[in-house]
Amino acid sequence: MAGKFNSNRRLAIAEFGGKDVDLCMNCGTCTTICPLSEDSGGGFPRRVIRLIQTGRESKLMESLDPWLCYYCGDCTTNCPRRANPAETMMAARRYLTARYDWTGLAGLFYKSALAEIVAILAVGLFVTLLFVSLHGPVVLQRVELNTFAPVHWVEFGDWIMAAVLSFFLLTNALRMAWWVLGGKKMLRISPLLYLRQVPVFFEHLFTQKRWRKCGSEPGGVRWLKHLLLVSGYLSMLTLVLILLRWFQTDKIYPFYYPQRLWGYYATLAILYPTADFMISRGRKKEPIHLFSAASDWIFLVMLFLTALTGIMVNIFRVNGLPVATYVIYVIHLSIAVPMLVVEVPFGKWSHIMYRPLAIYLAGVKRAAAPAAGKSTGQAAAAVAA
Amino acid sequence: MDTSPEKISDSSDSGKLRVGVYICRCGGNISDVVNTEHVAGICRRIPGVAVSKVHTFLCSDPGQQTISDDIRRENLDRVVVASCSPFLHELTFRGAVQRGKMNQYLYEHVNIREQCSWAHKHDPHGATAKAIALISAAVGKVSRSVPLEKIRLPNHRRALVVGGGPAGMKAAADLAACGIPVLLLERSDRLGGKLHTLNRLFPTADAAVELAHKLASQVMSHPLVEILLKSQVVKVSGFIGNFEVAIRGDFGPSGRTTDVRTTVGVMVMATGYRPYVPADGEFMYRRHPAVVTTVDFNDLLTRRDCGEGTLMFDGRPIRSIAFIHCVGSRQVDGVHTPGPDGRLHAYGSRVCCTTVLHQALQVRRRFPGTRVYDLHQDIRTYGRGHEEYYTDAARAGVVFFRYHSAEPPRVTGTNGAKSPLRVSVKDYLSWGEEMNMEVDMVVLAVGMTPGPCETIVEQLKLPRGEDGFLQEIHPKLRPVEISVNGVLLAGTAQAPMNIQETLAAAGAAAVKARAMLSKEQVELNPYVAEVDTRLCEGSGACLAQCDYAGALTMTQTRRDGHAVRMALVNPGLCVGCGACVAVCPTRAINLNGWRLDQYDAMVDGLVRDIAPSAVN
């Protein structure tokens, strides 16, 4: 159990928003109050705060705790030192996201909003220029989107992007697993164990069911809104990546046709929660909305604008406005692409991967070491149970 | 009863006595259980009782008036009140008796509330019978009371303040301001005491030296304060108003060490504290030069050569410091070994936590490159403005660790590693994980131990608490008085205190001393031992039992033409404990107000057969 106290380094958590860690006197009120603490093996969320205070980076890298917190903010509300534990957990997630990412871009974007905005603008400009120079014939008599932007070319671009982003995301996820499972030790775990836990990953990816236990808000309204957002997001991803040939057509189907209905559902499922979240962050009433980093805002705004421009393409197309359709289509992609490129592997979006992965890894860890030590082992056991 | 002194034999003749017995209902507190009317009726049958009355509230003005009036009207010469605890109203009824022009020591108080109605509320008959018995005993005792007078002794209106630190200077200045001449004694060659070892004071950040100068100028400029430096008390005896003190010091034109004798009315003990000195090897103290106490470290921070930007010690830069709290404090039997003084320091010194945080904060602010670790059991920043030091230190990046008293941190050498010392601690903020840190310096937070005052303590038999500090009579009701009347406590001679508390205590001691010196004569309770010169055979048994130096002495005198050895009481020094009374083979020594024949009468009274079995 002997741990070398890392006297030479204090974790630079403040750059990620954890500005009040030093105020914590380790009273443990946050742990007592947290509804998720008990089935996270105890010590949650104080353990993360203590690891940060004592500069024990490797222990923090190994920890899954930050991903098990859904930020209800009860701890921050009740903290007698106003040390803001909930925001510290958020900062820890940002910190870990930055550390998992081997390109260093995630860290750069979290520390500098300017860098993130510049990156988004650059990618957006690149997409715009791509369309300006390579678009197909512009038909003005009627809306012919597939002439202006042939679906197979767009699909090709989609797949290239998906491949590149998956590469970054998966390598980062692999790094996370490497640290969590103890480096080379992960190679000694039977592949069967990894396979057996796969359903857990998808279960939590699609439901976020642990969240329902989080917080004192009645009925888990926030969880429901978030679930709606995820469903809209995943719908859109499916329509764009897998079903684009079916989704992007010049033929106008009746309103009730699944192609349109599904699209409208996805749009609403993104627009409503993002608008709601933005309003809440603006109002700053609940603890979770008190502290909004630039990364939080950029994520929400980009997502909202993507859905908004997407539905406008549909409206212009259905109403037979060719130029407006082409223009808004270019704008739509100039927003959607940078959002995906910047946010998916390097930004806040990545939590859609890391959260279920954390629960998955907890399960693997528990299965691999049934009699493991107190801290993470127990947490793993409890979480996966 | 043949041993009772002749002078009271007349009054002890119950036939001629007129005792008034007053029974209080206490608004039902007593009468709801004790049948007070019945008690009054029975008490009339006790020989000598002339009046027996019941009143709803005897302590009220009409109640007291009844007593004063009855003394005159009924020609009473003894009074017994049966009511609540004497702690509450004995003095009240003594006053009523005095207003009736009767000697106040011819009064007896019986507690039939706490001892009867409250204690036996489920047994009214028993409570009533007990009340009768207690009153009967009191009547017996009071029948043999004699008029007493308070002991009056000359009062030397001059104060001796022992110790020239902040407490002593403050007490001296306050006393002088009331017009009391003060003799201020200091063993070192300058006033100021521990203020000279401190730097900036929390929580106000005043310079300690400035405070010392301010206080010193107050006493030095006052014509009523006589200051004796490099001097100390070598002999002291006497009692309130009359302390004989021998002082040894370098005074007079010769500058040689000489003794002077003087008499003072009160003594203020401002003898201060000594910082705890860790034992050799305790946390590597004295084994490694970079292990120092908070006292040493404070000294280092005041030195000019401690560095600019980087803290320097012993020619080496100090880039990391571990502060260890509670060194020589809050020690636990079985874990710690007693120090050189043979004591286990179980107490905490109150100021050390804030001292550490204060120093840690100074380091972080003056030398931002130096990392600071704080190893504590608890952080007890109890005073106003103290907690801010904890918050500020936390904000300034001090890292805190918590250890349990049974598992204190361990300090070892690193043998040539980059930093010379390693501190290991089982950190209970990290779920008991063992934490190791390599540091350039270890600072041990030491508490306070009692200051030097052995001579006076031994000669005046001043009581010490378990912790070795001088013990007050009552921590709340009489916080600056000690059981030796006329001796007062100021500051850390009594207990660990910060400077605010020290000066407040010194001010309180000064006021109390001033009150003691306000009268021409010292008035003492008459409850002291008295020797019957006809009976004393000079066995000396009493002397062997007496704990109070000078209270009893043996003298040679003449009786009936023969030279005899006899005990003599000094009423100024006798505290009336009664130890001498118990051992006298001839019952020659007695306590005034509590004589043996009065006890005999009480016993007779308790078993007096006056209460018929029919108690309704």
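Worth saying up front: this structure is predicted, and the values here are computed from it rather than measured.

Analysis parameters
- Residues numbered from 1 in each chain as written.
- Chains lettered and ligands numbered in written order.
- Predicted model: local features only at pLDDT ≥ 70, side-chain atom pairs only at ≥ 80, totals over all residues.
- Helix = DSSP H or I, 4+ residues; strand = E, 2+ residues; numbered from the N terminus.
- Buried ≥ 20, exposed ≤ 12 C-beta atoms within 10 Å, placed from the backbone.
- Contact = placed C-beta atoms within 7 Å.
- Rg over C-alpha atoms; globule rule 2.2 N^0.38 Å.
- Core = buried A, V, L, I, M, F, W, Y, C linked by C-beta atoms within 7 Å.
- Pairing = 2+ DSSP bridges.
- Axes fitted to C-alpha atoms, helices over the stretch in contact; angles between N-to-C directions.
- Right-handed = clockwise from strand over helix to strand, strands pointing away.
- Parallel < 35°, antiparallel > 145°, perpendicular 65-115°, else oblique.
- Left-handed = near helix turned anticlockwise from the far one by under 90°.
- Nonpolar A, V, L, I, M, F, W, Y, C, P; charged D, E, K, R; others polar.
- pLDDT = per-residue confidence, 0-100.
- Arc of directions from axis to C-beta.

Here's the deal with the overall build of chain B
Working step 1: Broken down by element type, chain B carries 15 helices and 34 strands.
Working step 2: Taken along the three principal axes of its C-alpha coordinates, chain B extends 95 × 65 × 45 Å.
Working step 3: In chain B, which comprises 616 residues, the proportion classed as buried is 46%.
Working step 4: Long-range pairs, those at least 24 residues apart, make up 71% of the contacts in chain B between residues at least 6 apart in sequence.

Observations concerning the overall build of chain A
Working step 1: A tally of helices and strands in chain A yields 20 helices and one strand.
Working step 2: On C-alpha atoms alone, chain A measures out to a radius of gyration of 22 Å, which is about the 21 Å that the 2.2 N^0.38 rule sets for 385 residues.
Working step 3: If one aligns the C-alpha atoms of chain A with their principal axes, the spans along those axes are about 75 × 50 × 40 Å.
Working step 4: Buried residues in chain A amount to 42% of all 385 residues.
Working step 5: Within chain A, contacts between residues at least 6 apart in sequence are counted, and of these 73% link residues at least 24 apart.

So, the nonpolar core
Working step 1: Core analysis: the largest hydrophobic core is formed by 88 residues, its most contacted members being A:Ile13, A:Ile52, A:Tyr71, A:Ala92, A:Ile270, A:Ala358 and A:Leu361.
Working step 2: With 14 residues, helix α18 (residues 322-346) of chain A is the single largest residue contributor to this core.
Working step 3: If near-sequence neighbours (up to four positions away) are discounted, A:Ile270 is found in contact with A:Leu229, A:Gly232, A:Tyr233, A:Met236, A:Leu303 and A:Ala307.
Working step 4: One finds B:Ala176, B:Leu191, B:Cys536 and B:Cys580 within the second-largest nonpolar core, a separate group that totals 80 residues.

Considerations on the sheet that holds strand β1 (residues 19-24) of chain B
Residues and elements named next belong to chain B.
Working step 1: Read across the sheet, four strands follow the order β2-β1-β3-β4 without closing on themselves; strand pairing throughout is parallel. Each edge of the sheet is formed by a strand with only one pairing partner; in this case those strands are β2 (49-55) and β4 (107-111). Pairwise comparison of adjacent strand axes, ignoring direction, gives a mean angle of 15° for this sheet.
Working step 2: Relative to β2, β1 runs parallel, the two sharing six bridges. Paired with Val19 across the strands is Val49, a residue of β2.
Working step 3: Strand contacts of helix α3 (residues 86-99): β3 (78-83) and β4, with the helix running at about 150° to β4, the strand carrying the most contacts.

Some words on the pairing of strand β20 (residues 371-376) of chain B
All names here are of chain B.
Working step 1: Of all the six residues making up β20, six are buried; the element is thus mostly covered by neighbouring parts of the structure.
Working step 2: Of the two faces of β20, both are covered, the one formed by Arg371, Tyr373 and Leu375 as well as the one formed by Val372, Asp374 and His376.
Working step 3: Where strand β19 (residues 320-327) and β20 come together, five bridges link them in parallel fashion. If you follow Ile321 over to β20, its bridge partner there is Val372.
Working step 4: With respect to chirality, the unit in which β19 leads through helix α9 (residues 352-366) into the neighbouring parallel β20 is right-handed.
Working step 5: Sheet topology note: the β20/strand β21 (residues 399-402) ladder contains four bridges and is parallel. Residue Asp374 lies in a different strand from β21, and its bridge partner there is Phe400.

Considerations on unusual backbone geometry
Working step 1: Look at the link from A:Phe44 to A:Pro45: it is a cis peptide, with omega at 10°.
Working step 2: Inspection of the secondary structure assignment puts A:Pro45 in the loop between α1 (29-33) and α2 (46-53).
Working step 3: Here the residue pair B:Phe202 and B:Pro203 is connected by a cis peptide bond, since its omega of -5° sits within 30 degrees of zero.
Working step 4: Among the secondary structure elements, B:Pro203 is positioned in the loop between β8 (200-201) and β9 (206-207).
Working step 5: A positive phi angle, close to 55°, is found at A:Asn84, a residue other than glycine.
Working step 6: Considering the arrangement of structural elements, one finds A:Asn84 in the loop between α5 (74-78) and α6 (85-100).
Working step 7: We note that B:Arg286 has phi near 70°; this positive angle belongs to a residue other than glycine.
Working step 8: Within the secondary structure, B:Arg286 is located in the loop between β15 (273-275) and β16 (291-293).

Concerning the pairing of strand β30 (residues 521-524) of chain B
All names here are of chain B.
Working step 1: Along β30, the buried face is formed by Val522 and Leu524; none of Gln521 and Glu523, which line the opposite face, is buried.
Working step 2: In this sheet, β30 lies alongside strand β5 (residues 151-154) in antiparallel orientation, the contact comprising four bridges. From the neighbouring strand, Pro154 faces β30, where its bridge partner is Gln521.

Comments concerning the packing of helix α17 (residues 294-318) of chain A against α18(A)
Residue and element names in this part refer to chain A.
Working step 1: α18 packs onto α17 with a crossing angle of 155° between their chain directions and a minimal axis gap of 9 Å. In terms of orientation, α17 lies roughly antiparallel with respect to α18. Handedness of the crossing formed by α17 with α18: left-handed. For the pair α17 and α18, contact is made by Phe299, Met302, Leu303, Leu305, Thr306, Thr309, Gly310, Met312, Val313, Phe316 and Arg317 and by Ala324, Thr325, Ile328, Tyr329, Ile331, His332, Ile335, Ala336, Met339 and Glu343, respectively.
Working step 2: For the contact of α17 with α18, the residue count by class is 14 nonpolar, five polar and two charged.

Topic: the sheet that holds strand β12 (residues 242-250) of chain B
Residue and element names in this part refer to chain B.
Working step 1: Overall, antiparallel pairing links the three strands, which are arranged β11-β12-β13 in an open sheet. Looking at the sheet topology across the chains shown, the edges are occupied by β11 (231-239) and β13 (257-264). Taking the axes of each pair of neighbouring strands and ignoring which way they run, one obtains an average angle of 15° across the sheet.
Working step 2: Both β11 and β12 contribute to a ladder of eight bridges, which runs antiparallel.

Re the packing of helix α6 (residues 166-177) of chain B against helix α7 (residues 208-220) of chain B
All names here are of chain B.
Working step 1: Put simply, α6 and α7 touch, their axes get as near as 9 Å, and they point 40° apart. Crossing of α6 against α7: the hand is left-handed. Contact residues: Pro166, Met169, Lys170, Ala172 and Ala173 in α6; Leu215, Ala216, Gln218 and Val219 in α7.
Working step 2: The class makeup of the residues in the contact of α6 with α7 is seven nonpolar, one polar and one charged.

Some details on the confidence of the model for chain B
Working step 1: Confidence in the prediction for chain B averages 91 pLDDT; 96% of positions are at 70 or higher.
Working step 2: Scored below 50 in pLDDT, residues 1-14 of chain B makes 19 contacts in the model with residues more than four places away or belonging to other chains.

Details of the environment of A:Phe44
Residues and elements named next belong to chain A.
Working step 1: Secondary-structure assignment places Phe44 in the loop between α1 and α2.
Working step 2: We classify Phe44 as buried; it has 27 C-beta atoms within 10 Å.
Working step 3: On a C-alpha basis, the gap between Phe44 and Arg99 in space is 21 Å, while along the polypeptide they are 55 residues apart.
Working step 4: Not counting chain neighbours up to four residues away, the residues in contact with Phe44 comprise Thr31, Cys34, Leu36, Ser37, Asp65 and Leu68.

Here's the deal with the environment of B:Arg464
Residues and elements named next belong to chain B.
Working step 1: Its place among the elements puts Arg464 in the loop between α11 (454-460) and β27 (472-474).
Working step 2: Judged by C-beta crowding, with 13 C-beta atoms within 10 Å, Arg464 ranks as partly exposed.
Working step 3: Along the chain, Arg464 and Pro475 lie eleven residues apart, while their C-alpha atoms are 13 Å from each other.
Working step 4: Sequence-distant contacts of Arg464, that is, excluding residues within four places in its chain, are made with Val457, Phe469, Leu470 and Gln471.

Looking at helix α10 (residues 387-395) of chain B
All names here are of chain B.
Working step 1: Restricting attention to buried positions, one finds in α10 the residues Tyr389, Tyr390, Ala393 and Ala394. All buried residues of α10 lie within an arc of 130° about the axis, which places them on one face of the element.
Working step 2: Against the buried residues of α10 lie α9.
Working step 3: Note on α10: the residue one or two positions beyond its end, Gly397, has a positive phi of about 95°.

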